[in-house]
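# Descriptive structure summary
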Amino acid sequence: MYSTMLRERSGSIWSLILSRNMGGGPRTFPGGLNKWQWKRMHEKKAREKENKLLDQEKQLYEARIRSEIRAKMLGGNHDSNENTAKSNQSHGPLSPQEHIKSLADRFMKAGAEDLWNEDDGPVKKTNQGSRLNRVGNGGSRSNSPIDVRSLVGRRGFSSMSHRGRFKRNESSCDEGEDFDSKKFDTLSPFSPGFAGKKEKVKSVSNVMRNKGLFGRRKFRKNDSSTEEDSEEEDGKMNGWMDVRRTGSSASLGNHDFKLIKRVQRNVTDEDLYPPLDINGVRDDLSKRKSVENVMEVNGEPRDSIYSGRRFDESSVSPLTLKALSASGIVKMTRVQDATLSECFEAGQDALVKAKTGTGKSMAFLLPAIETVLKAMASSNGVHRVPPILVLILCPTRELASQIAAEGKALLKYHDGIGVQTLIGGTRFKLDQQRLQSDPCQILIATPGRLLDHIENKSNITSRLMALKLFVVDEADLLLDLGFRRDVEKIIDCLPRQRQSLLFSATIPKEVRRVSQLVLKRDHSYIDTIGLGCVETHDKVKQSCLVAPHESHFHLVPHLLKEHINNTADYKIIVFCSTGMVTSLMYTLLREMKLNVREIHARKPQLHRTRVSDEFKESKRLILVTSDVSARGMNYPDVTLVIQVGIPSDREQYIHRLGRTGREGKGGKGLLLIAPWERYFLDELKDLPIEPIQVPDLDSRFKLEVDQSMGKIDTSIKEAAYHAWLGYYNSVRETGRDKTTLAELANRFCYSIGLEKPPPLFRKTAVKMGLKGISGIPIRK
Ligand SMILES: Nc1ncnc2c1ncn2[C@@H]1O[C@H](COP(=O)(O)OP(=O)(O)OP(=O)(O)O)[C@@H](O)[C@H]1O
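Cut-offs and rules
Residues numbered from 1 in each chain as written. Predicted model: local features only at pLDDT ≥ 70, side-chain atom pairs only at ≥ 80, totals over all residues. Heavy atoms only, no water. Helix = DSSP H or I, 4+ residues; strand = E, 2+ residues; numbered from the N terminus. Buried < 20%, exposed > 50% of the residue type's maximum accessible area, 1.4 Å probe, protein only. Contact = heavy atoms within 4.5 Å. Areas by Shrake-Rupley, 256 points an atom, 1.4 Å probe, with all protein chains shown as cover. Pairing = 2+ DSSP bridges. Axes fitted to C-alpha atoms, helices over the stretch in contact; angles between N-to-C directions. Core = buried A, V, L, I, M, F, W, Y, C linked by side-chain atoms within 4.5 Å. Near = heavy atom within 4 Å. Polar contact = N/O pair within 3.5 Å; in protein donor to acceptor, adjacent residues only side chain to side chain. Domains from an automatic or database assignment. Phe/Tyr/Trp six-rings, centres within 6.5 Å; stacked < 30°, edge-to-face > 60°. UniProt positions renumbered as here; feature names shortened; annotations may be inferred. Expected span 1.5 Å × (residues − 1). Salt bridge = Lys/Arg side-chain N within 4 Å of Asp/Glu carboxyl O. Parallel < 35°, antiparallel > 145°, perpendicular 65-115°, else oblique. Nonpolar A, V, L, I, M, F, W, Y, C, P; charged D, E, K, R; others polar. Left-handed = near helix turned anticlockwise from the far one by under 90°.

## Quick notes on the overall build of the protein
- Tallying secondary structure elements over the protein gives 29 helices and 21 strands in all.
- Counting only residues that meet the buried cut, the protein has 56% of its 780 residues in that class.
- Intrachain contacts of the protein at a sequence separation of at least 6 include 75% that bridge at least 24 residues.
- A total accessible area of about 34,100 Å² is found for the protein, and carbon and sulfur atoms account for 51% of it.

Structure follows, in structure tokens:
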């Protein structure tokens, strides 16, 4: 009896610990670890796992290339059954295709999915120069690595994220391939769907093991050596030796392809596998992929943002459907289809990745509304102030307002469901009054302001206790160091029994790891972009212009005028690195009589909202802005995005560029950088960016720019210089050599018409590590 009680008691303690583990921020973890020790332990485990998987990946990759070369050399055709049979004969028990498939099956392990795109492996070695160079040289596709999925079928590959391995080759975007069965690319290593897949993989492995296919050990001389090494067998004589070539360690024991060959000792891999054949194989494969790319899936072209399913085929409530059709929205985009099935119908936590402008906001707003309806239907209490059932966090004020507006439009025909925003730049007291007088079930907030409310003990904390759904939009940014603390504090105030969804167009590996702070362990990972596909839109033409920094203030007006002359309904966004540089660029363009507006963090909120709304509605307008407009902002029909100077990282480049080419439309993007910023192009080498020539500017135009620059107040220029210095000081590559940074800053200073660099406050210089650096004057 006592032992039963004890068991029950310990069981309930464990379930308490586990249930606390599900959400964010439990205070006690198994083993008496605190939250941070627990987190660090998991991060360490993840690193170890990643290294192991990378190793396996490398081996698999090399084995794959070897198989393809063999098949090619023997004239094999992967597709034809006839030839498969033929190659079976010549290769022993497995054809190259089956071989690769088996390798891939074995490689389908939980957590392996985002490791497929690292820059390594034999294909990389044969690539000469970066993607940019290749494009410049005619952009031959023959250098594109091969998409293994097209060889091995689809099991589990679709949701793997990518960071460069399967580089630019949109033709490999076969995300819709398995739409017949599932209609979207989703794979959680822990989800029931994946379990099924894993079962399948497992059962294949078991069959093989039963057949003795995995009896690798007895064929190996040394267990610790990897199978990809050539194993030297006995029989060395007179400079000749028997070389037994086996597959990778991810291969199939003695049924893996093995070739016992008598070769001269100094024969290299290259002699055995001439590079010419690799190119031939690649050519064949890329031709096949470009044919696959135009195929239709569910009546939608493969590169379409739509899934082919309609909203009325889903479980969206009739009143929401009415609002959707009133806005002319009938078909689901892929991310909406995926999210509705996986997150609303199945109630899973999820990390969702989809390209910019493909309707992510609606993808979380629809489940949000359905969650509220469901909770309201099941609740019998009448609340004077209703609990907050859905909390949506996003990084900027404009984005919060935009999401709120979209939510309100979807709730047009629903009674009694309210949406509110809590954003900075408004009066705190007014927020409190608004929350009381106009209660809501859906709250959209920026982290800082929400935290102010939580810490100021307004009744928001108690209202959040009934939360059902927590959404983080632009999750990679909000889980990045700058915001993470605030987000963690907010999570600590949320009930652990809730559903959480994270959304972004870019999800780097680090974010996948820290996503565990918010998501349950058995969350889904939904990636509608797909392995090997670029994160930017095919219809957006990207180019890069490398020109001395001194010429940037001349080039921007020139590029704008050129675009305006060629585009009747132009709508342009110019991104600058900081608010003060934005202000200088805006003032210059205004002086040059261009139709221009500015938004940055230094502007009052009222101005920001007014300009943002105006730009949404307008055509023939230029918006000069800092990164406050980089994420999530939906300005329809932007025709050109210019990024002046390097963005903070690759993700920011993609989000800024994503302001054009929305809803499947076309657009243009141009990155303008100085020669010393070229290193950044390495981060974008898998994107289809074309280098363009520096245009010749006539002297009259230059004079016009100089005269306009001359009219600008010195204080604006000085502020821009300081901000520029601060920004590049914070960029790792430029910030570490302070002397060079000071020189570059001085060049920038002269290019904007300042005679000498304005002095820094001593305190600022010390903080920035610039005190005592020559060329950096300090204020007396
Ligand atoms: N199913 C749909 N059919 C037609 N238009 C849609 C659909 N879903 C969303 N849209 C429209 O697409 C536009 C872009 O949507 P949204 O801003 O949600 O994109 P996003 O994926 O969140 O972009 P970002 O990554 O930049 O945040 C909006 O104007 C939205 O109204």
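## Here we look at the environment of A720
- When you line up the elements, A720 lands in helix α26 (residues 714-730).
- Sequence separation of A720 and I752 is 32 residues, and the distance between their C-alpha atoms is 9.1 Å.
- Leaving out residues up to four positions away in the same chain, A720 has contacts with M580, V581, L584 and F748.

## Re the sheet that holds strand β11 (residues 442-445)
- In spatial order, the strands read β10-β11-β9-β12-β13-β8-β14; together these seven strands make up an open sheet with parallel pairing. Each edge of the sheet is formed by a strand with only one pairing partner; in this case those strands are β10 (419-422) and β14 (524-527). With direction set aside, neighbouring strand axes in the sheet form an average angle of 15 degrees.
- The pairing of strand β9 (residues 390-393) with strand β12 (residues 469-472) spans four bridges and is parallel. Bridge pairing in β12 links L393 to V472.

## Thoughts on the nonpolar core
- Grouped together as the largest cluster of nonpolar side chains are 69 residues, with contacts concentrated most on F553, L560, V574, I622, V624, L725 and I776.
- The next biggest cluster of nonpolar side chains, apart from the first, holds 54 residues, and it includes I369, A375, I392 and I417.

## Section: the site of the ligand
- Around the ligand lies a shell of 20 residues, among which K331, Q336, G357, K360 and N634 are the nearest.
- Contact distances for the ligand include 2.7 Å between a nitrogen atom and a backbone N or O atom of K331.
- Burial of the ligand by the protein amounts to 91% of the accessible area it has alone, namely 640 Å².
- Listing elements by their share of the shell around the ligand, those giving two or more residues are β7 (331-333) and α13 (360-378).
- With three residues, α13 is the largest single contributor of residues to the shell around the ligand.
- Shared between two domains, the shell around the ligand holds at least three residues of each, these being domain 1 (307-527) and domain 2 (540-697).

## Comments concerning the packing of aromatic side chains
- Scanning the model with the defined rule gives eight aromatic pairs in all.
- Seen in terms of ring centroids, F553 and F748 are 6.1 Å apart; in terms of plane orientation they differ by 55 degrees. Their pairing is tilted. Residue F553 is located in helix α21 (residues 552-566), and its partner F748 is located in helix α28 (residues 738-751); the two are separated by 195 residues in the primary sequence. Each of the two residues, F553 as well as F748, counts as buried.
- Ring centres of W676 and Y728 lie 5.3 Å apart, and the angle between their planes is 65 degrees; this geometry places the pair in the edge-to-face category. Of this pair, W676 sits in the loop between β20 (667-673) and β21 (689-692) while Y728 sits in helix α26, and the two are 52 residues apart along the sequence.
- For Y728, a relative accessible area of 1% corresponds to the buried category.

## A closer look at the UniProt feature "coiled-coil region" (unreviewed entry) in the protein
- According to UniProt, the positions carrying the feature "coiled-coil region" (unreviewed entry) are residues 39-66.
- Here residues 39-66 runs as 100% helix and 0% strand, with 40 Å between its end C-alpha atoms.

## Section: unusual backbone geometry
- Phi angles above zero are rare outside glycine, and E474 is one such case at about 50 degrees.
- Mapped onto the elements, E474 comes out in the loop between β12 and α18 (475-478).
- Look at E474 and you get buried, because its relative accessible area is 4%.
- You will see that R620, though not glycine, has its phi angle at about 50 degrees, which is positive.

## Re α13
- Taking 1.5 Å as the rise per residue, α13 with 19 residues should run 27 Å; its terminal C-alpha atoms sit 28 Å apart, in good agreement.
- Where burial is concerned, most of α13 is hidden: 14 out of the 19 residues are buried.

## Some points on the sheet that holds strand β19 (residues 640-644)
- Judged by pairing direction, the sheet is parallel, and its seven strands sit side by side in the order β17-β18-β16-β19-β20-β15-β21 without closing on themselves. The open sheet is flanked by β17 (596-599) and β21, the only strands paired with a single partner. Taking the axes of each pair of neighbouring strands and ignoring which way they run, one obtains an average angle of 20 degrees across the sheet.
- Inspection of the sheet shows strand β15 (residues 540-546) paired to β20 by seven bridges, in the parallel sense. Directly across from V546, in β20, lies its bridge partner I673.

## Side note on the UniProt feature "domain: DEAD-box RNA helicase Q" (unreviewed entry) in the protein
- Within this numbering scheme, the UniProt entry marks residues 309-337 as carrying the feature "domain: DEAD-box RNA helicase Q" (unreviewed entry).
- Within residues 309-337, the helical portion is 45% and the strand portion 17%, while the C-alpha atoms at the span's ends are 7 Å from each other.

## Notes on the pairing of β14
- Alternating positions in β14 separate into two faces, S524 and I526 on one and Y525 and D527 on the other, with burial throughout.
- Alignment of strand β8 (residues 350-353) against β14, held across four bridges, turns out to be parallel. Following the sheet pairing, K353 is matched in β14 by D527.

## A short note on the environment of F680
- Relative to the helices and strands, F680 resides in the loop between β20 and β21.
- Excluding anything up to four places from it in sequence, F680 contacts I646, P647, D649 and R650.

## Let's talk about the pattern of salt bridges
- Using the criterion set out here, one finds 21 salt bridges in the structure.
- Taking the shortest distance from any N to any O, the salt bridge between D431 and R449 comes out at 2.6 Å. One end of the pair, D431, is in helix α15 (residues 428-437); the other, R449, is in helix α16 (residues 447-455), with 18 residues separating them in the sequence.
- A salt bridge links E550 to R747; its shortest N-O distance comes to 2.7 Å. One end of the pair, E550, is in the loop between β15 and α21; the other, R747, is in helix α28, with 197 residues separating them in the sequence.

## Points about the environment of S551
- Among the structural elements, S551 can be located in the loop between β15 and α21.
- The sequence separation of S551 and A674 amounts to 123 residues, and the corresponding C-alpha distance is 9.1 Å.
- Of the polar contacts made by the side chain of S551, one reaches the backbone oxygen of P548; its length is 2.7 Å.

## Comments concerning the packing of α15 against α16
- Where α15 contacts α16, the axes come no closer than 11 Å and their chain directions differ by 75 degrees. One way to sum up the angle between α15 and α16 is to call them roughly perpendicular. Contact with α15, carried on its side by F428, D431 and Q432, involves R449, D452 and H453 of α16 and no other residues of that element.
- The class makeup of the residues in the contact of α15 with α16 is one nonpolar, two polar and three charged.

## A look at the packing of α21 against helix α25 (residues 699-710)
- Axis separation between α21 and α25 bottoms out at 10 Å; the angle between their running directions is 115 degrees. Considering only the axes of α21 and α25, their crossing is right-handed. Of the residues in α25, those touching α21 at F553, H554, P557, H558 and K561 are F701, K702, E704, V705, D706 and M709.
- Taken together, the residues of the contact of α21 with α25 sort by class into five nonpolar, two polar and four charged.

## Quick look at the side chain of H600
- Tracing the sequence through the fold places H600 in the loop between β17 and α23 (605-617).
- For H600, the side chain forms a polar contact with the side chain of E598, separated by 3.1 Å.
- Not counting chain neighbours up to four residues away, the residues in contact with H600 comprise G579, M580, T582, S583, R608, S626 and V628.

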